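Survey of secondary and tertiary structure
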Amino acid sequence: MRSLRLTDQSVMVVSNAGPVADESGVRRRQDFGIATFVTEDVPVVGVQTAFVHGEYVDHDDWAIEVRPRAALAVSVIDGPRRVTVVQLHGLRDPAGKHDTPARRTQAERLADLIERARSQGDLTVVGGDLNLLPDSETFAVLAKLGLTDLVGTADTRTSAYEKPGRHANYLLVSDPAAVKSFTIVAQPEVSDHRPLLLEI
């Protein structure tokens, strides 16, 4: 894994915002969302975003049950090819990770974003904490776009996660033959999620 450098390129999309208090008790505004970091020697040639669940919310006080979800697509030139990388953090549901109408809508909105963001012939990579079970209909929706899941039923959680369901992170590619290696990194543990490391 590579350390982030100050010269790297970053793109962030904010899904919601709200107050936090610093050490002295002063309330400040915090943006919550997702970001993609790209090494400086890879040209970024396209950026697309979309809300896959809900819309932007600016909270007076944080409400855990209202968490909009944004997806971020970044297209880069990698040598002779164009690569579009799409990431998101899927919606959470108190009932668990089973399919719901809201998750079906999320899958359809995600598919729309992928279609808008990529050009014909792009190698497409889609990943993130999707908050889904491996048999979710989301994977059938994405398969219609030619995307193949590399994770399946593998454990993507660390010892910091004590609940029984060990499914969270997924990574899909449009061309499995372009994959040099794919690793679900068990060590070191840096959160309750295991990183997904893809080499193309």
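Residues numbered from 1 in each chain as written. Predicted model: local features only at pLDDT ≥ 70, side-chain atom pairs only at ≥ 80, totals over all residues. Heavy atoms only, no water.

A word on the pattern of salt bridges
We count it as follows: We count a salt bridge whenever a side-chain nitrogen from Lys or Arg sits within 4 Å of a carboxyl oxygen from Asp or Glu. Only runs of H or I of at least four residues qualify as helices and only runs of E of at least two qualify as strands under DSSP, and these elements are numbered from the N terminus. For every residue, the accessible area obtained with a 1.4 Å probe (protein chains only) is divided by the maximum for its type, and the residue is called buried under 20%, exposed over 50%, and partly exposed between those limits.
This structure, assessed with the given rule, holds 12 salt bridges. Asp 122 is paired through a salt bridge with Arg 82; the nearest N and O atoms lie 2.9 Å apart. Highlighted residues: Asp 122 in the loop between helix H1 (101–117) and strand E7 (123–129) and Arg 82 in strand E6 (residues 81–89), separated in sequence by 40 residues. The buried category is assigned to Asp 122, whose relative accessible area is 9%. Given a relative accessible area of 22%, Arg 82 falls into the partly exposed group.

Some words on unusual backbone geometry
Looking along the chain, the bond that leaves Gln 187 and enters Pro 188 is cis, with omega of 0 degrees. Looking at the secondary structure, you find Pro 188 in the loop between strand E10 (181–184) and strand E11 (196–199).

Here we look at the sheet that holds strand E4 (residues 57–58)
Within a sheet, adjacent strands bond to each other through the backbone by hydrogen bonds, running parallel or antiparallel. Stated precisely, the cut-off is as follows: One bridge is not enough; two strands pair if DSSP finds at least two bridges between them.
Strand order in this open sheet of three strands is E2-E1-E4, and the pairing throughout is mixed. Strands with a single pairing partner mark the edges of an open sheet, and in this sheet they are strand E2 (27–38) and E4. With 12 bridges joining them, strand E1 (residues 9–21) and E2 adopt antiparallel strand pairing. The residue bridging Gln 9 from the neighbouring strand is Val 38, located in E2.

Quick look at the sheet that holds strand E5 (residues 69–78)
Within the open sheet, the six strands sit side by side as E3-E5-E6-E7-E9-E8. Their pairing is mixed. The open sheet terminates on both sides in strands that have one partner only, identified here as strand E3 (44–53) and strand E8 (148–149). In terms of strand pairing, E7 meets strand E9 (residues 169–173) through five bridges, oriented antiparallel. Its bridge partner lying in E9, Val 125 is registered against Val 173.

Quick notes on the layout of surface pockets
To keep it simple, the criterion reads: The distinction between a cavity and a pocket rests on a 1 Å grid over the protein atoms alone: a 1.4 Å probe fits inside a cavity but cannot get out, while a pocket stays open yet meets protein on both sides within 12 Å along at least five of seven lines, and a residue with an atom within 4 Å of a point counts as lining. Grid points are joined across faces, edges and corners, and a volume is the space filled by probe spheres set on the points. The classification used treats Ala, Val, Leu, Ile, Met, Phe, Trp, Tyr, Cys and Pro as nonpolar, Asp, Glu, Lys and Arg as charged, and all other residues, Gly among them, as polar.
If you add up the space inside the second largest pocket, you get close to 360 Å³. If you trace the second largest pocket, you find 15 residues lining it, with Lys 97, Asn 131, Arg 157, Tyr 161 and Lys 163 closest to the centre. Broken down by class, the residue content of the lining of the second largest pocket amounts to two nonpolar, five polar and eight charged.

Quick look at the packing of aromatic side chains
The geometry of an aromatic ring pair is captured by two quantities: the separation of the ring centres and the angle between the planes. Quick note on the threshold: Here the aromatic set is Phe, Tyr and Trp, taking the six-membered ring for Trp, and pairing holds for ring centres within 6.5 Å; pairs whose planes are under 30 degrees apart are stacked, those over 60 apart are edge-to-face, and all others are tilted. A ring is considered to have a charge above it if a Lys NZ or an Arg CZ atom is located within 6 Å of its centre and within 35 degrees of its normal.
With the rule as written, the count across this model stands at one aromatic pair. Note that Arg 67 overlies the ring of Phe 32, its terminal NZ or CZ placed 4.7 Å from the centroid.

Description of H1
Inclusion rule: The length a helix should cover is 1.5 Å for every residue beyond the first. When we speak of the arc, we mean the arc of directions from the helix axis to the C-beta atoms. In this analysis, two residues are considered to be in contact whenever any of their non-hydrogen atoms come within 4.5 Å of each other.
With 17 residues, H1 should cover 24 Å at 1.5 Å per step; its first-to-last C-alpha distance of 24 Å lies within 8% of that length. Arg 103, Gln 106, Ala 107, Leu 110, Ala 111, Leu 113, Ile 114 and Ala 117 are the residues of H1 that are buried. Down the axis, H1 shows its buried residues gathered within 160 degrees of arc, on one side only. Packing partners of the buried residues in H1 comprise E3, E5, E6, E7 and helix H2 (137–143).

Section: the side chain of Asp 122
Here is the rule we go by: For the purposes of these results, a polar contact is taken to be a pair of N or O atoms within 3.5 Å, where, inside protein, one atom must be able to donate a hydrogen and its partner to accept one; residues adjacent in sequence count only when each atom of the pair is a side-chain atom.
A polar atom in the side chain of Asp 122 sits 2.6 Å from the side chain of Thr 84. At 3.0 Å, the side chain of Asp 122 and the backbone nitrogen of Ser 119 are in polar contact.

Some remarks on empty space enclosed by the protein
Tallied over the full model, the rule gives one cavity of 30 Å³ or more. The volume enclosed by the largest cavity comes to roughly 40 Å³. Counting residues per element, the lining of the largest cavity draws most heavily on H1, which supplies four residues.

Details of the nonpolar core
Using the following cut-off: The definition of a nonpolar core used throughout is a set of buried Ala, Val, Leu, Ile, Met, Phe, Trp, Tyr and Cys residues joined through side-chain atoms within 4.5 Å.
Membership of the largest hydrophobic core comes to 23 residues, with the highest contact counts inside it found for Val 86, Leu 110, Ile 114, Val 126, Leu 142 and Leu 147. Elements represented by at least two residues in this core include exactly E3, E5, E6, H1, H2 and E9. Here the element with the most residues in this core is H1; it accounts for six residues. Those residues in contact with Val 126, other than ones at most four positions away along the chain, are Val 86, Leu 110, Ile 114, Leu 147, Tyr 170, Leu 171 and Leu 172.

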